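# Architecture at a glance
Chain residues, written in single-letter form:
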Amino acid sequence: ETARSIGEAYRVQSFQNNDDYKDKALEAMKWFKRATELNPYDDSSVLRQGMCLDQIGKYDEAFAYFDRANRMDPNSYFNNAYMGWHYAQIGDYAAARTWLERSHELEWQNNPVADSYLKIAQDHLMQSATNSSPSQLHLGSSPNTIPPWK
């Protein structure tokens, strides 16, 4: 747990986007890797490695970590939310919405990542579909959209 906490401290510093953000993300990844070596069931450290890779623009590499974390604990609202967050980072708002909705189903009361990014994903999808301001439209879930876990 100590290795993960040290990694998280570096990750938080990286996400402040100072000049040394990339170095901080790489240092965080070292600690998250160590945490995973110490506890191979620690999906949180796996997930945070993906977050660090997204932070430094290595989106294709990041996906494997988000996917692995979700396979380790598919019913974690946190893992599902950050898979949606990852898809939002790369601009795939349809995939983001699917994962964020799943996260929200798992935890609907205290889920700020899903709440925030679901609105962002819906706004982007509506804007691209209509070329209208998202605040003028309502986006409901399509009854034909079946998430991969159902």
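Before reading further, recall that the structure is shown in the block above.
To keep things clear, this report deals only with the structure shown in the data block. (Residues numbered from 1 in each chain as written. Predicted model: local features only at pLDDT ≥ 70, side-chain atom pairs only at ≥ 80, totals over all residues. Heavy atoms only, no water.)

### With respect to the nonpolar core
Applied cut-off: Residues grouped as a nonpolar core are buried Ala, Val, Leu, Ile, Met, Phe, Trp, Tyr and Cys residues, joined through side-chain atoms within 4.5 Å. We call a residue buried when its accessible area falls under 20% of the maximum for its residue type, exposed when it is over 50%, and partly exposed in between, using a 1.4 Å probe and counting protein chains only. Numbered from the N terminus, helices here are DSSP runs of H or I no shorter than four residues, and strands are runs of E no shorter than two. Residues count as neighbours in contact if any of their non-hydrogen atoms are within 4.5 Å of one another.
Ranked by size, the top nonpolar core spans 29 residues in total, and within it Cys52, Phe66, Tyr82, Trp85, Tyr87, Ala96 and Leu100 carry the most contacts. Ranked by residue count, the leading element in this core is helix α5 (residues 77-89), at six residues. Not counting chain neighbours up to four residues away, the residues in contact with Tyr82 comprise Leu47, Met51, Phe66 and Val113.

### Observations concerning the packing of aromatic side chains
So the rule is basically this: Centres within 6.5 Å are what make two rings of Phe, Tyr or Trp a pair, Trp counting through its six-membered ring; a difference in plane orientation under 30 degrees is then read as stacked, over 60 as edge-to-face, and the rest as tilted.
Tallied over the entire structure, the rule returns six aromatic pairs. Centroid distance Phe66 to Trp85: 6.2 Å. Interplanar angle 55°. Geometry classified as tilted. Highlighted residues: Phe66 in helix α4 (residues 59-72) and Trp85 in helix α5, separated in sequence by 19 residues. Relative accessible area serves as the criterion here: at 0%, Phe66 is assigned to the buried category. Taking relative accessible area as the criterion, Trp85 reaches 7% and is therefore assigned buried. Note on Tyr77 and Phe78: the rings are 6.4 Å apart at their centroids and 90° apart in plane angle, and the pair reads as edge-to-face. On the basis of relative accessible area, Phe78 is assigned to the partly exposed category, the value being 29%.

### Considerations on the packing of α5 against helix α6 (residues 93-106)
Keep this limit in mind: Where helices are involved, their axes are fitted lines through C-alpha atoms of the stretch in contact, as for all axes, and angles between N-to-C directions lie from 0 to 180°. These descriptions rest on fixed angle ranges, namely under 35 degrees for roughly parallel, over 145 for roughly antiparallel, 65 to 115 for roughly perpendicular, and the rest for oblique. If you view the pair so one helix is near and one far, a crossing is left-handed when the near helix is turned anticlockwise from the far one by less than a right angle, and right-handed when it is turned clockwise. When residues are grouped by polarity, Ala, Val, Leu, Ile, Met, Phe, Trp, Tyr, Cys and Pro land in nonpolar, Asp, Glu, Lys and Arg in charged, and all others, Gly among them, in polar.
At a closest axis distance of 7 Å, the pairing of α5 and α6 adopts a crossing angle of 165°. With respect to α6, the element α5 is oriented roughly antiparallel. As α5 runs across α6, the sense of the crossing is left-handed. Between α5 and α6, the contacting residues are Tyr77, Asn80, Ala81, Met83, Gly84, Trp85, Tyr87 and Ala88 on the first element and Tyr93, Ala95, Ala96, Trp99, Leu100, Arg102, Ser103 and Leu106 on the second. Taken together, the residues of the contact of α5 with α6 sort by class into twelve nonpolar, three polar and one charged.

### Side note on helix α3 (residues 43-55)
Each full turn of the α-helix corresponds to 3.6 residues, which orients residues three or four apart in the same direction. Spelled out, the test is: To estimate the expected span of a helix, subtract one from its residue number and multiply by 1.5 Å. The definition of a polar contact used here is a pair of N or O atoms within 3.5 Å, where within protein one atom must be able to donate a hydrogen and the other to accept one, and adjacent residues in sequence count solely through side-chain atom pairs.
The terminal C-alpha atoms of α3 lie 19 Å apart, and with 13 residues this matches the ideal 18 Å at 1.5 Å per residue to within 8%. Along α3, 13 of the 13 residues are buried, which leaves the element largely enclosed by surrounding structure. Between the side-chain oxygen of the N-cap and the backbone nitrogen of Ser44 there are 3.2 Å, and the N-cap of α3 in question is Asp42. In the segment just after α3, Gly57 is the residue with positive phi, at about 85°.

### Some details on helix α1 (residues 2-14)
As a reminder of what qualifies: Read the arc as the range of directions from the helix axis to the C-beta atoms.
In this model α1 runs 18 Å from its N-terminal to its C-terminal C-alpha over 13 residues, within 8% of the 18 Å that 1.5 Å per residue would give. For α1, the full list of buried residues reads Ala3, Gly7, Arg11 and Ser14. Down the axis, α1 shows its buried residues gathered within 70° of arc, on one side only. Of the surrounding elements, those touching the buried residues of α1 are α2 (21-38) and α3.

### Overview of the side chain of Ser14
Here Ser14 shows up in helix α1. Of the residues examined, Ser14 reaches a relative accessible area of 0% and is grouped as buried. Apart from residues no more than four positions distant in its own chain, Ser14 is found in contact with Tyr21, Lys24, Ala25 and Gln55.

Geometric values such as these leave the question of function open.
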